[in-house]
Number of protein chains: 2
Amino acid sequence: MLRLGPLAAAGRLLPAGPRLEPPRPAGGRVSFLRCWPPRLPGPVGDGRPLSQQVRAAANSAGGSGGRGLALKTPKGTRDHPPAHVALRDHLLAAVVACFKRHGAAAIDTPVLELRETLMGKYGEDTKLIYELQDQGGELLALRYDLTVPFARYLAMNKITNMKRYHVAKVYRRDNPATTRGRYREFYQCDFDIAGQCDPMIPDAECLKIVHEILSDLQLGDFLIKVNDRRILNGVFAICGVPESKFITTCSTVDKLDKVPWEEVKSEMVGEKGLSPEAADYIGEYVQLHGGLDLIERLLQDPKLSQNKLAKEGLGDMKLLFEYLTLFGITGQISFDLSLARGLDYYTGVIFEAVLLQQENDHVEEPVSVGSVAGGGRYDGLVGMFDPKGRKVPCVGVSIGIERIFSILEQRVKASGEKVRTTETQVLVATPQKHLLAARLKLISELWDAGIKAEMLYKKDPKLLKQLQYCEDTGIPLAAIVGEQELTDGVVKLRDVARREEVDIPREKLVDEIRRRLEP
Amino acid sequence: MLRLGPLAAAGRLLPAGPRLEPPRPAGGRVSFLRCWPPRLPGPVGDGRPLSQQVRAAANSAGGSGGRGLALKTPKGTRDHPPAHVALRDHLLAAVVACFKRHGAAAIDTPVLELRETLMGKYGEDTKLIYELQDQGGELLALRYDLTVPFARYLAMNKITNMKRYHVAKVYRRDNPATTRGRYREFYQCDFDIAGQCDPMIPDAECLKIVHEILSDLQLGDFLIKVNDRRILNGVFAICGVPESKFITTCSTVDKLDKVPWEEVKSEMVGEKGLSPEAADYIGEYVQLHGGLDLIERLLQDPKLSQNKLAKEGLGDMKLLFEYLTLFGITGQISFDLSLARGLDYYTGVIFEAVLLQQENDHVEEPVSVGSVAGGGRYDGLVGMFDPKGRKVPCVGVSIGIERIFSILEQRVKASGEKVRTTETQVLVATPQKHLLAARLKLISELWDAGIKAEMLYKKDPKLLKQLQYCEDTGIPLAAIVGEQELTDGVVKLRDVARREEVDIPREKLVDEIRRRLEP
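Please read these numbers as outputs of a predicted model, since none were measured by experiment.

Basis of the calculations
- Residues numbered from 1 in each chain as written.
- Chains lettered and ligands numbered in written order.
- Predicted model: local features only at pLDDT ≥ 70, side-chain atom pairs only at ≥ 80, totals over all residues.
- Heavy atoms only, no water.
- Helix = DSSP H or I, 4+ residues; strand = E, 2+ residues; numbered from the N terminus.
- Buried < 20%, exposed > 50% of the residue type's maximum accessible area, 1.4 Å probe, protein only.
- Contact = heavy atoms within 4.5 Å.
- Areas by Shrake-Rupley, 256 points an atom, 1.4 Å probe, with all protein chains shown as cover.
- Salt bridge = Lys/Arg side-chain N within 4 Å of Asp/Glu carboxyl O.
- Arc of directions from axis to C-beta.
- Axes fitted to C-alpha atoms, helices over the stretch in contact; angles between N-to-C directions.
- Parallel < 35°, antiparallel > 145°, perpendicular 65-115°, else oblique.
- Left-handed = near helix turned anticlockwise from the far one by under 90°.
- Nonpolar A, V, L, I, M, F, W, Y, C, P; charged D, E, K, R; others polar.
- Pairing = 2+ DSSP bridges.
- Core = buried A, V, L, I, M, F, W, Y, C linked by side-chain atoms within 4.5 Å.

**Digging into the overall build of chain A**
Scanning chain A from N- to C-terminus turns up 17 helices and 19 strands. When burial is assessed residue by residue, chain A has 60% of its 519 residues classed as buried. Of the contacts made within chain A by residues no fewer than 6 positions apart, 69% connect residues no fewer than 24 positions apart. Here chain A has roughly 20,000 Å² of accessible surface; of this, 51% comes from carbon and sulfur atoms.

**With respect to the pattern of salt bridges**
Considering all chains together, one arrives at 79 salt bridges over all chains under this definition. For Asp386 of chain A, the salt bridge is made with Arg390 of chain A, and the minimal N-O distance between the two is 3.1 Å. Its relative accessible area of 6% is what places Asp386 of chain A among the buried residues. When the shortest N-O distance is used, the salt bridge between Glu485 of chain B and Lys492 of chain B registers 3.2 Å. Lys492 of chain B shares its class with Glu485 of chain B; the two are buried. Ionic contacts of the salt-bridge type, sharing partners, join the residues Arg101, Lys208, Glu212 and Asp216 of chain A together with Asp448 of chain B into one network.

**A short note on helix 9 (residues 276-286) of chain B**
Residues and elements named next belong to chain B. Of the positions making up helix 9, those classed as buried are Ala278, Ala279, Ile282, Gly283, Tyr285 and Val286. Here the buried residues of helix 9 occupy an arc of 160° about the axis, which is enough to place them on one side. Of the exposed residues in helix 9, those oriented more than 90 degrees away from the buried face are Glu277 and Glu284. For helix 9, the elements touching its buried residues are helix 6 (229-238), helix 7 (246-253), helix 8 (261-270) and helix 10 (292-300).

**A short note on helix 4 (residues 147-156) of chain B**
Residues and elements named next belong to chain B. Counting buried residues along helix 4, 10 of its 10 residues qualify, which places the element largely inside the surrounding structure. All of the buried residues in helix 4 are Thr147, Val148, Pro149, Phe150, Ala151, Arg152, Tyr153, Leu154, Ala155 and Met156. Immediately downstream of helix 4, the backbone of Lys158 shows phi near 50°, a positive value.

**Some points on the packing of helix 6 (residues 229-238) of chain A against helix 9 (residues 276-286) of chain A**
All names here are of chain A. Between helix 6 and helix 9, whose axes approach to 9 Å, the crossing angle comes to 150°. By the angle between their directions, the pair helix 6 and helix 9 is classed as roughly antiparallel. Seen along the crossing, helix 6 lies across helix 9 with a hand that is right-handed. Packed against helix 6, whose contacting residues are Leu232, Val235, Phe236 and Ile238, the element helix 9 presents Tyr281, Ile282, Tyr285 and Val286 at the interface. Taken together, the residues that form the contact of helix 6 with helix 9 break down as 8 nonpolar, no polar and no charged.

**Overview of the sheet that holds strand 13 (residues 371-377) of chain B**
Residue and element names in this part refer to chain B. Taken in spatial order, the 9 strands of this open sheet run 4-7-8-14-13-12-9-11-10, and their pairing is mixed. Each having just a single partner strand, strand 4 (105-106) and strand 10 (289-290) make up the two edges of the open sheet. The pairing of strand 10 with strand 11 (residues 333-336) spans 2 bridges and is classified as antiparallel. Note on strand 11: the bridge partner recorded for His289 is Asp336. With respect to the sheet, helix 2 (residues 82-101) is in contact with strand 7 (162-171), strand 8 (185-194) and strand 14 (394-399), its orientation differing from that of strand 8 by roughly 5°.

**Brief notes about the environment of Thr330 of chain A**
Residue and element names in this part refer to chain A. With respect to the secondary-structure elements, Thr330 resides in the loop between helix 11 (308-327) and strand 11 (333-336). Sequence separation of Thr330 and Ala479 is 149 residues, and the distance between their C-alpha atoms is 57 Å. If we skip the residues at most four places from it in the chain, Thr330 touches Phe321, Leu324 and Thr325.

**With respect to the sheet that holds strand 14 (residues 394-399) of chain A**
Residues and elements named next belong to chain A. Read across the open sheet, the 9 strands follow the order 4-7-8-14-13-12-9-11-10; overall the sheet is mixed. Every other strand in the sheet has two partners, leaving strand 4 (105-106) and strand 10 (289-290) as the edge strands with one partner each. In the sheet, strand 7 (residues 162-171) pairs with strand 8 (residues 185-194) via 10 bridges, with the strands oriented antiparallel. Along strand 8, the bridge assignment pairs Tyr165 with Phe191.

**A look at the pairing of strand 14 of chain A**
Residue and element names in this part refer to chain A. Among the 6 residues of strand 14, 6 are classified as buried, and the element is accordingly described as predominantly covered. Two elements, strand 8 and strand 14, share 6 bridges in a ladder whose sense is antiparallel. Looking across to strand 14, one finds that Ala194 is bridged to Cys394. Taken together, the 5 bridges between strand 13 (residues 371-377) and strand 14 define a ladder with antiparallel strand orientation. Directly across from Gly376, in strand 14, lies its bridge partner Gly396.

**Notes on the nonpolar core**
One finds Leu446 of chain A together with Phe99, Leu320, Phe335, Phe351, Ile399 and Ile404 of chain B to be the most contacted residues of the largest nonpolar core, which totals 109 residues. If you tally residues by element for this core, the top one is helix 2 of chain B, at 9 residues. Leave out the neighbours within four places in its chain, and Leu446 of chain A touches Val426, Val428, Ile451, Ala453, Leu509, Val510 and Ile513 of chain A. Within the second largest apolar cluster, 108 residues are counted, among which are Ala86, Ile201 and Leu256 of chain A together with Ala438 of chain B.

Encoded structure:
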């Protein structure tokens, strides 16, 4: 029996659509496009359009609370409303799927670390570490990344072989440009391979992972810059930089992607105390970039090829390019001598992925983003924690999920699509008064059968209001029990989008709902 | 063509088994038993038995690191090795599935909050808040729970209606008994309903949620104690306690589940300054517990029924029991006047779930656990943040996932089962030397096809070692390319458990792997 319900004349029809689901874990690499952007019925979250929810949440300035309280989140942090979390979970699922595809296991470490664990690992960035107040007991700090805690974990548990991923928040007391998706609290998604391996095999896999993730997410063209700390150190050595200044010179070189060479040179000479000649000589090298041809040329360089470290680094770089050729990804790889990476702990290959342009055909305000992934080899870090200094060679990659999120967020805004943030399948409704008991009994049966069900928290809600709630929040079905239905032992099942109702015998309701919701 | 591989004579055969998967999101409530304990092939994580991994990780004492560093996690915190994370993710998935079944959306808030946001919300527990050092800028603290940040979020975004869940870590500078699964950093799993509702409908749903989760997880018998702050305050009032001492008297009453009445009384008289007569009078009430009968009796109590607050609370408690009867869960509910809950912000119904006994037939060392869920109504908290003091009534529940985890961890230990912590489907192997390029090319094809694949990070690993790795880590298939296979354009696909090998044309390999791995 088909009947039209009370909303049929209202003229509002929302299309049904697929739910936002994480990428399928097995059976073929998931194209992010296939499930993106998610087309979902009706508004969600707190009911306001996503763009408004996002704006409200991003606005960490807030108002002022009761009793003159500052009503805000700490500087550089933000709340994530339901539409944010749904999108972020979707994104994280894609990254984790790639890590699992490469055989990694997950670990988790505390957000808090002993202060001494973090000290001496981050060079100039040590000042960005959040320290906890001395409240009696140990001196603590918030983790700055997931790499140092991983090294501490390996040393503490005497593990010499491990492929692990870790997706968690890290903390940096920076002054980030939050408009660029940079925050003081942000997610890192790390994949690392620890253990004695033959040269460049795990290093090449890390680059493959970056390539897979950026391809899967379809963020547009990207470039992965690669360099080696040993090559940089070799360059510094032949240019006459004393070894004690290698690390600090590295952090100056690292600024080359943001400021012109002249500024970098002036920092080298002014702040770091190099001679102008040494700086110029360095400049000739660190402005080079290319592929296998450049590696070959530098291997022939009369001075550089005499330096043991540089020669090792160049030899490994050649091997790396050989493996990347087998992976078929050299088209997006650039050997770039200006890449230095700020952190102290790198000892070999280093890399960083940047987006070259955005797919911003549909984007109103393009977001400018920097690097979206980075990493490298750190063979000495675990040894810094081991009581006997035993080294465990490691290489790893960190995916800059927050910046990627900013891009996707802009896409959602631009598309005007609504992201459904709940998964409710059925609203249990009543058409007359004094039927709360009937609603409670029915919804309880549905929950116990594993059906995702809601009801309004009113004793006697109007039927129109109940059906409106379905349309507003994208609930596909309504199970309606009125006096007649109770007498007849049936439930009226309403297809919200089609506005069709049919009586279902009570004992067959669960099966019918499952049948209707099959994909 | 079937052939026996080189390991056939070694006599080690590990049974294949199902992977550890999260409960299915749709199509019937998931029995935790159906997928529990997980039977999985081979050892995992870092290769050591789970019990050893767990012991190592739980041992926060650690050794001493390089250069005399303390090699440990902060007091009251711990690392989670892969087997832990796999089990925890499984557990969290079951809890989140229940929250979604009830129509909640997820939000996320920062771990850091302004210090003033947290002050004045937790009564005596305020001293347990971790404060950050003043490093210039705002004064910050780590969140103590997820409830106060939720209230801050609602007020800041002027949201008056929301059903949300939040699963995240919170921080308490407590001195916890870590053997009981209590830590200074731990997960909370919160579900809350904010908004103007008819009495006791959302409150009843929170209790239903606790009942569903504890039933789903099959943790053994449990009891949900229920009380109402208004009833307690009414009791205090008729016993002559001044209103200014209600909250502090509440926290004393709350200790009744841990210490005998005499001690509670002596704290009331000694520390809180009540008269011995008042304390004894309170004692007559707070030692009562029962069901609907007790509610009816107290509604007839000549003094208590004269108190406006108590009468309201008792009326609502009666209504709550009516709804819980419709849900069919009163068998596990006890109206218990000794339940007070420590926190300041509760204003109405409060509840706490305790396990009555453990299913410890197979458990070597039973874990003693306290409450595994708790919550209540807090109608005033959002108003504390709103500039105009506008109230948003709220009720919510928090699932004590860490204590539940301790119980499940003991079960795994006792069962001797191995939990597989990776999902690798295929190991790409070579039987002769100088075939690294062939392995890299093949594994790259598999990754690009979405197959979860690993290879050893050696140029020329021995075949036996490669196959041993499959057995050790539970990888079900090996794809072997040797010189002959390369010439023939095939790959030898080996079923690791059965030790059967068959040649597959290279172009059909991906399909064949997918076919073999179908459930």
